[in-house]
Amino acid sequence: MPLHGKDEVRDRLNDDVYASPDLSVPMPKYRIPEDEHSPDHAYAVVHDELLLDGNSRQNLATFCQTWSEPQVHKLMDECLDKNMIDKDEYPQTAEIETRCVNMLADLWHAPHASSMMGCSTTGSSEAAMLGGLALKWRWRKRREAEGKPTDKPNLICGPVQICWHKFARYFDVELRQVPLAPGRMVMTPEEVLKHCDENTIGVVPTLGITFNLLYEPVADIAAALDELEVRTGLDIPIHVDAASGGFLAPFIHPDVVWDFKLPRVKSINASGHKFGLTPLGCGWVVWRDKEDLPEELIFRVDYLGGDMPTFALNFSRPGGQIVIQYYNFLRLGREGYRRLQQACSDTANYIAKAIEQIGLFDIVYDGRGGVPGVCWKLKEGTDPGFTLYDLADRLRERGWLVPAYPMPANIQDLVVQRVLVRHGVSRDLATLLVTDLLACIEHFRRHPVSAPMTREEASGYHH
């Protein structure tokens, strides 16, 4: 065996990654370095930069999941090289996707006799656009068969997430967005009917509005559209944007009728990476029946030796998130999801009561009946010496992202602050949030704001 002595390593005994020549000067930021570097050194540079990011667990603005079990991390590592699109090479991952689609169709009460269709997507935004495209194609085919023009399609919705604005612009559809009004915080059947005509490709109620966390009344809207068809012959389908509510209502709001129980609901999208509890990059869309997804939208691709039907805006994408969705279904079951989502709802209600007791705020939404979270506003006629924008900025000093923002048209004068309560936001974290909120208010009591912050200066991302 070879012999080794201390002399040959003496110069390296006290080596430290931060004493290396690599890290004694800044690395290039906007061009690729000329030379290669040690993996430890490159890792240290990237790791240190990431320290400047916020703590995702304290990001109470996002709907997206920020905590996962250790087993999830293991499965994600095992799926790092699996391309979801290559179903010939990874047939079991493809089978897992099929199982998830069927589980969701069952969860959302798709008729057992139907030949439902569905797929995973990179997120709920892609899923929403696929649902919108199916609506447009079905409407256009019907209009062409009737010999009528197809140049002015419109889509009716309430205060939707930005993805629907993108859909309308990218795919040339007029977005008829029903504005809110004082005392009316959701899209109502009456308002929907005011916007319908023969060019309406569909109506999109939201099960969990981004701005106020409320569910829109899908069943009431469906009933109004049923009556409209009887009176006028207009047959207008519904696509439900259940980005958040699709993984909430079935478990903690079983009395809410919103899904395929309603014949007029033709498709549903949801975010696996929100209350479906998967890592980022997972969405789902399911159609009630194959006739609701026009065949013209499906590409049949001969890829790497296999014939594959596909409907997507993306092509190659990771398979790990789909595998984790299946893991969650097996791991939690219906009772596990119910327990976790109810715990989130209860924690949100706890925060709402604590904030209401402060005496400076009115609760706009208390965490019950919609997405787990809280919205509040300053009491009318109250001048506490700060605005909600000031409060949001002050909370950031303790790491909390609690956005303040105006509501959409036509109630922009109403400024609210909002927290989301996801799996991983414990009662203890909620207590710490309230404690820091009180500390911020005490700071403003001792140091009143002379120049209040604007939304642009203090408001954070709230989708």
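Provided above is the structure to which this section pertains.
First, a word on what this report is: a plain description of the structure on this page. (Residues numbered from 1 in each chain as written. Predicted model: local features only at pLDDT ≥ 70, side-chain atom pairs only at ≥ 80, totals over all residues. Heavy atoms only, no water.)

## Side note on the overall build of the protein chain
Along the backbone of the protein chain there are 12 helices and 13 strands. If you line up the protein chain on its principal axes, its C-alpha atoms span 95 × 70 × 45 Å. By residue count, 50% of the 463 residues in the protein chain fall in the buried class. A separation threshold of at least 6 residues defines the contact pool for the protein chain, and within that pool the share at least 24 residues apart is 71%. Accessible area of the protein chain: about 23000 Å², with a carbon and sulfur share of 52%. In the protein chain, 49 positive and 65 negative side-chain charges are present, and the distance between their average locations comes to 4 Å. (Helix = DSSP H or I, 4+ residues; strand = E, 2+ residues; numbered from the N terminus. Buried < 20%, exposed > 50% of the residue type's maximum accessible area, 1.4 Å probe, protein only. Contact = heavy atoms within 4.5 Å. Areas by Shrake-Rupley, 256 points an atom, 1.4 Å probe, with all protein chains shown as cover. Lys, Arg positive; Asp, Glu negative; His and termini not counted. Charge placed at Lys NZ, Arg CZ, Asp CG, Glu CD.)

## Considering the packing of helix H9 (residues 320-358) against helix H11 (residues 427-446)
Any two packed helices are characterised by the angle at which their axes cross and by the distance between the axes. It is the contact of H9 with H11, at a shortest axis distance of 10 Å, that shows an interaxial angle of 20°. One way to sum up the angle between H9 and H11 is to call them roughly parallel. Considering the relative orientation of H9 and H11, their crossing is right-handed. Between H9 and H11, the residues in contact are Asp346, Thr347, Tyr350, Ile351, Ala354, Ile355 and Ile358 and Arg427, Ala430, Thr431, Leu433, Val434, Leu437, Leu438 and Ile441, respectively. Looking at the contact of H9 with H11, its residues break down into 11 nonpolar, two polar and two charged. (Axes fitted to C-alpha atoms, helices over the stretch in contact; angles between N-to-C directions. Parallel < 35°, antiparallel > 145°, perpendicular 65-115°, else oblique. Left-handed = near helix turned anticlockwise from the far one by under 90°. Nonpolar A, V, L, I, M, F, W, Y, C, P; charged D, E, K, R; others polar.)

## As for the layout of surface pockets
To locate leftover empty space, one rolls a probe as large as a water molecule over the atoms. Volume-wise, the largest pocket comes out at about 500 Å³. Around the largest pocket, the lining is made up of 23 residues, and of these Lys87, Glu97, Gly118, Cys119 and Pro309 lie nearest the centre. Those elements that place two or more of their residues in the lining of the largest pocket are helix H3 (91-107), strand E1 (117-121) and strand E9 (306-310). Ranked by the residues each element gives to the lining of the largest pocket, the list is headed by H3, at five residues. Roughly 320 Å³ of internal volume is contained in the second largest pocket. If you trace the second largest pocket, you find 21 residues lining it, with Ser124, Ser125, Gln161, Cys163 and Lys274 closest to the centre. Only helix H4 (124-145) and helix H5 (162-170) provide two or more residues apiece to the lining of the second largest pocket. Residues of the lining of the second largest pocket, tallied by class, amount to eight nonpolar, 10 polar and three charged. (1 Å grid on protein atoms, 1.4 Å probe; cavity = no way out; pocket = protein on both sides within 12 Å on 5 of 7 lines; lining within 4 Å. Points joined across faces, edges and corners; volume = space filled by probe spheres on them.)

## Some points on the state of the cysteines
On inspection of all chains with the given rule, the structure shows zero disulfides. Free cysteine: Cys282, not disulfide-bonded; nearest cysteine sulfur from Cys100 at 7.6 Å. Distance from the sulfur of Cys375, which forms no disulfide, to the nearest cysteine sulfur (Cys344) is 16 Å. (Disulfide = S-S within 2.5 Å.)

## Re unusual backbone geometry
Of the consecutive residues Ala409 and Asn410, the connecting peptide bond is found in the cis state with omega at 5°. With respect to the secondary-structure elements, Asn410 resides in the loop between strand E12 (404-406) and strand E13 (415-420). In this model, His109 sits at a positive phi of 60°, which is unusual for a non-glycine residue. With phi around 55°, Asp172 is a residue other than glycine that occupies positive phi space. Within the secondary structure layout, Asp172 lies in the loop between H5 and strand E3 (174-177). Asp172 sits in the exposed class, given a relative accessible area of 59%.

## Considerations on the pairing of strand E2 (residues 154-157)
Neither face of E2 is exposed, since Asn154 and Ile156 on one face and Leu155 and Cys157 on the opposite face are all buried. Where E2 and E3 come together, four bridges link them in parallel fashion. Across the sheet, the residue bridging to Asn154 is Glu174, located in E3. Each parallel crossover has a hand, and for E2 linked through H5 to E3 it is right-handed. When E2 meets strand E4 (residues 200-204), the two strands line up parallel, connected through four bridges. Within E4, the residue paired with Asn154 across the bridge is Thr200. (Pairing = 2+ DSSP bridges. Right-handed = clockwise from strand over helix to strand, strands pointing away.)

## Quick look at the sheet that holds strand E10 (residues 361-365)
Within the open sheet, the four strands sit side by side as E10-E11-E13-E12. Their pairing is antiparallel. With partners counted over all chains shown, the strands left at the sheet margins are E10 and E12, one partner each. Here the average twist between neighbouring strands, direction ignored, is 35°. Relative to strand E11 (residues 373-378), E10 runs antiparallel, the two sharing four bridges. Of the residues in E11, the one forming a bridge with Tyr365 is Cys375.

## Considering H4
Look at H4: 32 Å from first C-alpha to last across 22 residues, which is about the 32 Å you get at 1.5 Å a residue. Just past H4, the residue Gly147 takes up positive phi, approximately 70°. (Expected span 1.5 Å × (residues − 1).)

## A short note on the packing of helix H2 (residues 70-78) against H9
Close contact between H2 and H9 brings their axes to 9 Å; oriented N to C, the two are set at 145°. Here H2 runs over H9; the crossing is right-handed. Of H9, the residues touching H2 (which contributes Gln71, Val72, Leu75 and Met76) are Gly320, Gln321, Ile324 and Tyr327. Broken down by class, the residue content of the contact of H2 with H9 amounts to five nonpolar, three polar and no charged.

## Examining the packing of aromatic side chains
Tallied over the full model, the rule gives 11 aromatic pairs. Taking the centre distance of 5.5 Å and the plane angle of 40° together, the rings of Phe167 and Phe171 count as tilted. Judged by relative accessible area, Phe171 falls into the partly exposed class, the value being 22%. In this structure an aromatic cluster arises from ring pairing among Phe247, Phe251, Phe329 and Tyr337. A cation over a ring is seen here: Arg140 above Trp137, with NZ or CZ 4.2 Å from the ring centre. Against the face of Phe63 rests Lys274, its NZ or CZ located 5.4 Å from the ring centre. (Phe/Tyr/Trp six-rings, centres within 6.5 Å; stacked < 30°, edge-to-face > 60°. Lys NZ or Arg CZ within 6 Å of the ring centre and 35° of its normal.)

Nothing here speaks to function; it is geometry throughout.
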